[in-house]
Every structure is written in structure tokens, then in C-alpha cells.
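So you can see what is in the structure, the chains are spelled out below.
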Amino acid sequence: MEKLPCITGERVVLRPITDGDTDHIVTWRNTPSVMQNFIFRQQFTPEMHRNWLATKVATGQVVQYIIVDKAEDRPVGSVYFRDIDPVNHSAEYGIFIGEEDARGQGFGSETARLFTEFGFARLGLHRISLRLLEENLPARRSYEKAGFVQEGIFHDMVMLDGQYRDVVFMAKLAPVAQQEESL
């Protein structure tokens, strides 16, 4: 697989994930304020993360980056495309800001814009979708700022903490100029 580039924005630098990021990922994923927004809620271990790196990232099924606060040069979260489908030029988008003091600072919105542009231009994606719990309004606003639109709501799709929860599906399509270039 080709070496992936760093992506630099105004406030964030996105860099490909490495094994050296394992401690950050495990800590962030096990933080209750992060975990509450995930459908997958199992305790996350270093072994699980390293297995993910070996079986998903290394094989190209997942492209995962670390979000770095440019001003402080510190990792604050992670962003990824999973279930990359080379036939249909599609992938599922995921993101989390793991550092609590970095939330609400615009890092997620800038990352969503930069990473989806990268997905369309560099990875040749046509469609990027995501799903989120309906009550996660800050994430939804961030996704809308980055150009995602709601496609539907699956009512009572998952049971979390003993309650059925609705899941919102959103997507963003490649700009028309890029769609025409790929034809």
C-alpha cells in the first residue's frame, strides 16, 4: 500500500496512525464521554487495537489517522474510513475527539472537511456515509458543517444501556466535478 500523506489544515494536522498511538487510542476509547457515543461499547484493549491495525489498517480496509492540535502539537483524537469498498467507491466515516478539553473547539468540523476532501480526491471515493446515535447533536452539527446530509433514521436500531436507541444515517457525495472526472 502506498504511503499516506499528512493532511494539514488551519488548526489540525492529520497523520497516519501508527502502533505508537495505541495508548492514546485505548485511553480515549475507554473514556466514558467517548464511549457513550459509540454503538460498540466493549472495553477496548491494546490487543484489540493492535489486531485492528494488523487486520484492517495494514490491509487497506481501513484508513485511519490521528488528529493533532496544530497549536499544541498534541494528539486529540482519531478519524477513519472503514469498510472501504473499491468497487462502489464508498466508505464509512468515523471520528472521535478523545481529549475532553479539545471538544467544541472546531477540530471535528475541520477534520471532517479535510478528511472527506482527501477521501474524494486521493482515495477516489464517491460516497462517504456515517451513522450516529440520534441524541449526539454536537456530532451531527459538525457533520452538517462538513457537508453531510441526513438520509434516514433507523428507529430502535440498537439497545444500549437497556434502552432502544435511534440511529441516524448521513452521507456526503463527491463534488460533481470529481464525479465527472471518474467517469
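Scroll up to find the structure this text is about.
Report on the accompanying structure. Since the structure is predicted, the reported quantities are computational estimates derived from the model, not experimental observations.

Scanning the protein chain from terminus to terminus reveals 6 helices and 8 strands. Counting helices and strands in the order they occur from the N terminus, the protein chain gives β-β-α-α-α-β-β-β-α-β-α-β-β-α. Taken against the 2.2 N^0.38 rule, which gives 16 Å for 183 residues, the C-alpha radius of gyration of the protein chain at 16 Å falls within 12% of a compact globule. Counting all 183 residues of the protein chain, 45% fall into the buried class. The long-range share in the protein chain, meaning contacts at least 24 apart out of those at least 6 apart in sequence, stands at 59%. Summed over all atoms, the accessible surface of the protein chain reaches about 9800 Å², with 52% contributed by carbon and sulfur.

Moving on, we get to the pairing of strand E5 (residues 90-97). Counting buried residues in E5 gives 8 out of 8 residues, a clear majority hidden from the surface. Residues of E5 alternate between two faces, with Ser90, Glu92, Gly94 and Phe96 on one and Ala91, Tyr93, Ile95 and Ile97 on the opposite face, all of them buried. Sheet topology places strand E4 (residues 74-85) next to E5; 7 bridges connect them, and they run antiparallel. Each residue of the ladder has a partner; that of Tyr80, found in E5, is Gly94. Pairing analysis gives 3 bridges linking E5 to strand E6 (residues 127-133), with the strands arranged parallel. Residue Ala91 lies in a different strand from E6, and its bridge partner there is Ile128. The β-α-β motif built from E5, the intervening helix H4 (residues 107-121) and the parallel element E6 has right-handed crossover chirality.

All right, on to the pattern of salt bridges then. A complete count under the given rule lists 13 salt bridges for this structure. With its nearest N and O atoms 3.1 Å apart, the salt bridge here joins Glu72 to Arg74. Between Glu92 and Arg131 there is a salt bridge, with the nearest N and O atoms lying 2.7 Å from each other. Of this pair, Glu92 sits in strand E5 while Arg131 sits in strand E6; the two residues are 39 residues apart in sequence, bridging distant segments of the chain. Using a relative accessible area of 35% as the deciding quantity, one classes Arg131 as partly exposed.

The next subject is the sheet that holds E5. With mixed pairing, 8 strands are arranged side by side in an open sheet as E1-E2-E3-E4-E5-E6-E8-E7. Of all the strands in the sheet, the pair left with one neighbour each is strand E1 (7-8) and strand E7 (149-160). The sheet contact formed by E7 and strand E8 (residues 163-173) spans 8 bridges and is antiparallel. Paired with Phe154 across the strands is Val167, a residue of E8. Contacts from helix H1 (residues 22-29) reach strand E3 (63-69), E4 and E5 within the one sheet, and its direction differs from that of E4 by about 85°.

Our next topic: helix H3 (residues 46-57). Here H3 has its buried residues at His49, Leu53 and Val57. End-on view of H3: buried residues confined to an arc of 45°, all on one side of the axis.

Bringing the pairing of strand E2 (residues 12-16) into the picture now. Relative to E2, E1 is paired through 2 bridges, and the arrangement is antiparallel. What sits directly across from Thr8, in E2, is Val13. The hairpin formed by E1 and E2 contains 3 residues between the paired strands. In the sheet, E2 pairs with E3 via 5 bridges, with the strands oriented antiparallel.

Our next topic: the side chain of Asn30. Within the element layout of this structure, Asn30 appears in the loop between H1 and helix H2 (32-35). Only 2.7 Å separates the side chain of Asn30 from the backbone oxygen of Phe44, close enough to count as a polar contact. If sequence neighbours within four positions are ignored, Asn30 has contacts with Met35, Gln43 and Phe44.

Note on placement: Met159 falls in strand E7. Separated by 14 residues in sequence, Met159 and Lys145 place their C-alpha atoms 29 Å apart.

Reading the values: the criteria
Residues numbered from 1 in each chain as written. Predicted model: local features only at pLDDT ≥ 70, side-chain atom pairs only at ≥ 80, totals over all residues. Heavy atoms only, no water. Helix = DSSP H or I, 4+ residues; strand = E, 2+ residues; numbered from the N terminus. Rg over C-alpha atoms; globule rule 2.2 N^0.38 Å. Buried < 20%, exposed > 50% of the residue type's maximum accessible area, 1.4 Å probe, protein only. Contact = heavy atoms within 4.5 Å. Areas by Shrake-Rupley, 256 points an atom, 1.4 Å probe, with all protein chains shown as cover. Pairing = 2+ DSSP bridges. Right-handed = clockwise from strand over helix to strand, strands pointing away. Salt bridge = Lys/Arg side-chain N within 4 Å of Asp/Glu carboxyl O. Axes fitted to C-alpha atoms, helices over the stretch in contact; angles between N-to-C directions. Arc of directions from axis to C-beta. Polar contact = N/O pair within 3.5 Å; in protein donor to acceptor, adjacent residues only side chain to side chain.

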